[in-house]
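Residues per chain, in single letters:
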Amino acid sequence: MPFVRLETSVALPAAQRLGVLRAVIACTAEHLAVPAQACRAAYDVIDRNDRVIGTGTNEPWTMIFAHMKSGRTPAVKAAFTTALFDLLAAQLSVPRSSLRILITDYVAEDWNNGGDAEPTLR
């Protein structure tokens, strides 16, 4: 059950955010070879009035945190991040330079679903 969280200064309307999340889930399912219903995504708007953000530029910014179970090859991760860069630059109408993706891999025993400590989907 991969989880992708966007923290961004791009405040899209709620309906458009939902469309972005659906596209992120479809991209995640396709590139990580898991069912879409096993994927999760979140869209968090960070208001510069609520938080001090240091970016070095005035362009919009988005941090993408992709959490997944370990075991995927560097090539799979590279294809996934490339697809996310392409998707989010288009969906958010921002330059690719404003996007950052961080992948966190978890060993199987550190990834539990629904109170079940048994192995879960990748």
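Here the residue numbers are simple positions, counted from 1 along each chain's written sequence. Two thresholds apply to this predicted model, a pLDDT of at least 70 for residue-level local features and 80 or more for giving and counting side-chain atom pairs, whereas whole-chain, interface and lining totals are computed over all residues. The side-chain numbers reported here are obtained from all heavy atoms of the structure, hydrogens and water having been left aside.

**Looking at the environment of Thr-28**
Turning to step 1, where the next piece is worked out: For the purposes of this entry, the term helix denotes a DSSP run of H or I that reaches at least four residues, the term strand denotes a run of E that reaches at least two, and both are numbered from the N terminus. With respect to the helices and strands, Thr-28 occurs in helix α1 (residues 14–32).
Turning to step 2, where the next piece is worked out: Summary of the burial criterion: residues with accessible area below 20% of their type's maximum are buried, those above 50% are exposed, and those between are partly exposed, where the area comes from a 1.4 Å probe applied to protein chains only. By relative accessible area, Thr-28 is classed as buried at 1%.
Turning to step 3, where the next piece is worked out: Put simply, Thr-28 and Val-4 are 24 residues apart on the chain and 8.2 Å apart in space, counted from C-alpha to C-alpha.
Turning to step 4, where the next piece is worked out: Excluding its chain neighbours within four sequence positions, the residues that come into contact with Thr-28 are Pro-2, Val-4, Ala-33, Val-34, Cys-39 and Phe-80. Any pair of residues with heavy atoms lying within 4.5 Å of one another is described as a contacting pair.

**Description of the environment of Ala-11**
Turning to step 1, where the next piece is worked out: Secondary-structure assignment places Ala-11 in the loop between β1 (3–8) and α1.
Turning to step 2, where the next piece is worked out: Distance from Ala-11 to Asp-44, taken between C-alpha atoms, is 8.9 Å for residues 33 residues apart in sequence.
Turning to step 3, where the next piece is worked out: With sequence-adjacent residues up to four places away left out, Ala-11 is seen in contact with Arg-17 and Val-45.

**Details of the pattern of salt bridges**
Turning to step 1, where the next piece is worked out: By convention in these notes, a salt bridge is any Lys or Arg side-chain nitrogen within 4 Å of a carboxyl oxygen on Asp or Glu. Under the definition given, this model contains four salt bridges.
Turning to step 2, where the next piece is worked out: The partner of Glu-7 in a salt bridge is Arg-5, with the nearest N and O atoms 2.8 Å apart.
Turning to step 3, where the next piece is worked out: Here Asp-86 and Arg-96 are joined by a salt bridge, their closest N and O atoms 2.2 Å apart. Residue Asp-86 is found in helix α2 (residues 74–92), and its partner Arg-96 is found in the loop between α2 and β4 (99–106); the two are separated by ten residues along the sequence.

**Observations regarding α2**
Turning to step 1, where the next piece is worked out: Multiplying 1.5 Å by the helix residue count minus one yields the expected span of that helix. Its 19 residues place the ends of α2 26 Å apart at the C-alpha level, agreeing with the 27 Å of an ideal helix rising 1.5 Å per residue.
Turning to step 2, where the next piece is worked out: The secondary structure elements touched by the buried residues of α2 are β1, α1, β2 (40–45), β3 (62–69) and β4.

**Quick look at the packing of α1 against α2**
Turning to step 1, where the next piece is worked out: Under this scheme, a helix contributes an axis fitted over its contacting stretch, all axes are lines through C-alpha atoms, and angles between N-to-C directions fall in the 0 to 180 degree range. Remark: α1 packs on α2, axes separated minimally by 10 Å, with the N-to-C direction vectors making an angle of 160°. Comparing the axis directions of α1 and α2 gives the class roughly antiparallel. Considering how the two elements wind past one another, α1 and α2 form a crossing that is right-handed. Packed against α1, whose contacting residues are Gln-16, Gly-19, Val-20, Ala-23, Val-24, Cys-27, Thr-28, His-31 and Leu-32, the element α2 presents Val-76, Ala-79, Phe-80, Ala-83, Leu-84, Leu-87, Leu-88, Gln-91 and Leu-92 at the interface.
Turning to step 2, where the next piece is worked out: Residues are grouped as follows: Ala, Val, Leu, Ile, Met, Phe, Trp, Tyr, Cys and Pro are nonpolar; Asp, Glu, Lys and Arg are charged; all remaining types, including Gly, are polar. Residues of the contact of α1 with α2, tallied by class, amount to 13 nonpolar, five polar and no charged. Here the angle decides the label: under 35 degrees means roughly parallel, over 145 means roughly antiparallel, 65 to 115 means roughly perpendicular, and every other value means oblique. Definitions for this section: a left-handed crossing has its near helix turned counterclockwise from the far helix by less than a right angle. A right-handed crossing has that turn clockwise.

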